[in-house]
Amino acid sequence: MNRSNIPAQVTASLAAARAAFAKGDVAETERLCKSLVEAAPQTAGAWALLAETALLRNRPNAARICAAKAAALAPHDALARIVEAKMLFHAGEFLEALDAARAAEPLVGDNPAAADALGAVFGLLGRHESALGLSQRAVAIRPEAPQYLFNLAATERMLGALEASQAHCDAAIDRAPKFTLAHYLRADLRIQTPSSNHITEMEALLAAGDLDWSAQTALRYALAKECEDVGEDARAFAHVAAGAALWRANIPYDARAELATIDRLIASGQQTAGVCGRVDEAPIFICGLPRTGTTLIERVVSSHSGIAAVGETGAFAVEAGRALRQNPAKPDLDGLGARYVGVIKGVFAPQKSRFVDKTLQNYLHCGLIAAALPKAKIILVQRDPFDAAWALYKSHFSGGFLFSYDLEELADYCRAYRRLVAHWNSTLAPDRLLTVAYEEVVHDLPGQSRRIATFLEIPWEDEILRFHESRAPSATASAVQVRRPIYHSSIGRWRRHARELKPFIARMGT
């Protein structure tokens, strides 16, 4: 870069880097930004983009360092501070991320990009009302921007404002018909009918043939959902299978490594024998595979007047990882429990005497939870494996649960999960761990709810049975379903696809 003309070249190069990032070209973004910071190391925008690309490459520590550099260079720039907050969150520094997000809020002003980005960060931190206000501000400033409309719709879905969410999805699609994530979100907001659906519109978009693989995947899953709603089961499965194959072909995934992790947990017990922490809190953990009824159980439990839901925080896994890295043989259980509770209270701010954390993959940490938090209660949720298989296979999780995109890999993981549940049931005391079957809750909500209340040692309240009336946010894939009274229609649904699910069925039987 010619140093005699650096300001003009910086502006042009930064604009080019942002354009490359917007197109998804990570390598070109990095090339341009690295050239920029070599010639003009004070370019905060380049450091912020390098933080974003490092995060995409699963390098959270590098992302955090680059983001901190951007924030230090431009302490009054809202977007630089927001990137810092985002990277702190992804590095597992939740308290610091919240502080950074709060510091960024006064800097947002009338910048719609900053309002939208900060709203997303507050959403990650479970501050959905703050996220809603910022998303509304971004849309008010730039109502024609499809991304802002979509992000507002996603936040409204979490908060149960389903009609508003649909209206904003419609608006985003009107402005950007190829915005397939908006199609995907819209499909989930209600049960479609033969006389009112978007199938023809989406199939025409798919047939046009100019979508990248990620957009095609989202559209396939949206089509599958709407086809199933209207009784077009064969078309639904065909769209799921095509979408799953496309995603699996483009996302790196080591199935053997995931299974080995579970086998190591079973072999080790993931506990320090005879040693327990001394934290006095009594959190409730609800965990299990996705789409198996965990959100239903969470809503039942958190409908009690003394219990607040904090969502899927991921906080225990972060703190457990730190404790095990510091001392794999003898982790500091007191410190682990105290740090976890501190993060929940400081970031997610439950306003009741007890809280329920529904991080699904805490099923990997039941032993450490029991050891570090001696008053904690753990509820493991199970579901008929064939219904679970179809529910998982037809769900698009984007960045997670990569075992669910191939039927044989899905069967292998479900078998491993079943082994792990059996292990926890054999090693943890019955007053610490309760296994709940989704089907039993659906068929006998009063009886199973009382069983859960007894296990949690909470007094009975009739409000527990009216879980669907709760106005609490839900950021899960089941956020729409849990706002309806309990229903039986998903039990046995796999039978509609028994022939197509044969690879899963055969693998489960071996």
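Here is a short report on the structure shown in this document.

Moving on, we get to the sheet that holds strand 3 (residues 354–357). Ordered in space as 2-3-1-4-5, the five strands form an open sheet in which the pairing is parallel. Here the strands that pair on one side only, and so sit at the sheet edges, are strand 2 (307–311) and strand 5 (433–437). Neighbour-to-neighbour, the strand axes of this sheet turn through a mean angle of 25 degrees, independent of strand direction. Both strand 1 (residues 284–287) and strand 3 contribute to a ladder of two bridges, which runs parallel. What sits directly across from F285, in strand 3, is D357. The strands that helix 16 (residues 294–302) touches are strand 1, strand 2, strand 3, strand 4 (377–382) and strand 5; relative to strand 1, the one it contacts most, it runs at about 155 degrees. Relative to strand 4, helix 21 (residues 407–427) is tilted by about 145 degrees, and along the sheet it contacts strand 1, strand 4 and strand 5.

So, about the pairing of strand 1. The side-chain alternation of strand 1 yields two buried faces, one formed by I284 and I286 and the other by F285 and C287. As paired elements, strand 1 and strand 4 share four bridges and run parallel to each other. For I284, the partnering residue across the bridge sits in strand 4 and is K377.

Tallied over the entire structure, the rule returns 29 salt bridges. R157 is paired through a salt bridge with D188; the nearest N and O atoms lie 2.9 Å apart. Linking R157 in helix 9 (residues 146–158) with D188 in helix 11 (residues 180–188), this pair joins segments that are 31 residues apart in sequence. In this pair, the class of R157 matches that of D188, namely buried. R493 serves as the salt-bridge partner of E228, at 3.8 Å between the closest nitrogen and oxygen. One end of the pair, E228, is in helix 13 (residues 213–229); the other, R493, is in the loop between helix 23 (445–456) and helix 24 (502–508), with 265 residues separating them in the sequence. Here the two residues E228 and R493 agree in accessibility, since each one is buried.

Of note, P60 is situated in helix 4 (residues 60–73). Using a relative accessible area of 27% as the deciding quantity, one classes P60 as partly exposed. The spatial distance from the C-alpha of P60 to the C-alpha of H90 is 6.4 Å, given a sequence separation of 30 residues. Those residues within four positions of P60 in sequence are excluded, and the remaining contacts are H90 and A91.

Moving on to the packing of helix 9 against helix 11. Close contact between helix 9 and helix 11 brings their axes to 10 Å; oriented N to C, the two are set at 25 degrees. With respect to their mutual orientation, helix 9 and helix 11 come out roughly parallel. Every pair of crossing elements has a handedness; the one defined by helix 9 and helix 11 is left-handed. For the pair helix 9 and helix 11, the contacting residues are F150, A153, A154 and R157 in the first and L181, A182, L185 and D188 in the second. Grouping the amino acids of the contact of helix 9 with helix 11 by side-chain chemistry returns six nonpolar, no polar and two charged.

With that settled, consider unusual backbone geometry. Backbone geometry places A349, a non-glycine residue, at a positive phi of 45 degrees. By the secondary structure assignment, A349 is in the loop between helix 18 (333–348) and strand 3. Although it is not a glycine, E457 adopts a positive phi angle of roughly 60 degrees. Tracing the backbone through its elements, the reader meets E457 in the loop between helix 23 and helix 24. With a relative accessible area of 62%, E457 lands in the exposed category.

Definitions and limits used
Residues numbered from 1 in each chain as written. Predicted model: local features only at pLDDT ≥ 70, side-chain atom pairs only at ≥ 80, totals over all residues. Heavy atoms only, no water. Pairing = 2+ DSSP bridges. Helix = DSSP H or I, 4+ residues; strand = E, 2+ residues; numbered from the N terminus. Axes fitted to C-alpha atoms, helices over the stretch in contact; angles between N-to-C directions. Contact = heavy atoms within 4.5 Å. Buried < 20%, exposed > 50% of the residue type's maximum accessible area, 1.4 Å probe, protein only. Salt bridge = Lys/Arg side-chain N within 4 Å of Asp/Glu carboxyl O. Parallel < 35°, antiparallel > 145°, perpendicular 65-115°, else oblique. Left-handed = near helix turned anticlockwise from the far one by under 90°. Nonpolar A, V, L, I, M, F, W, Y, C, P; charged D, E, K, R; others polar.

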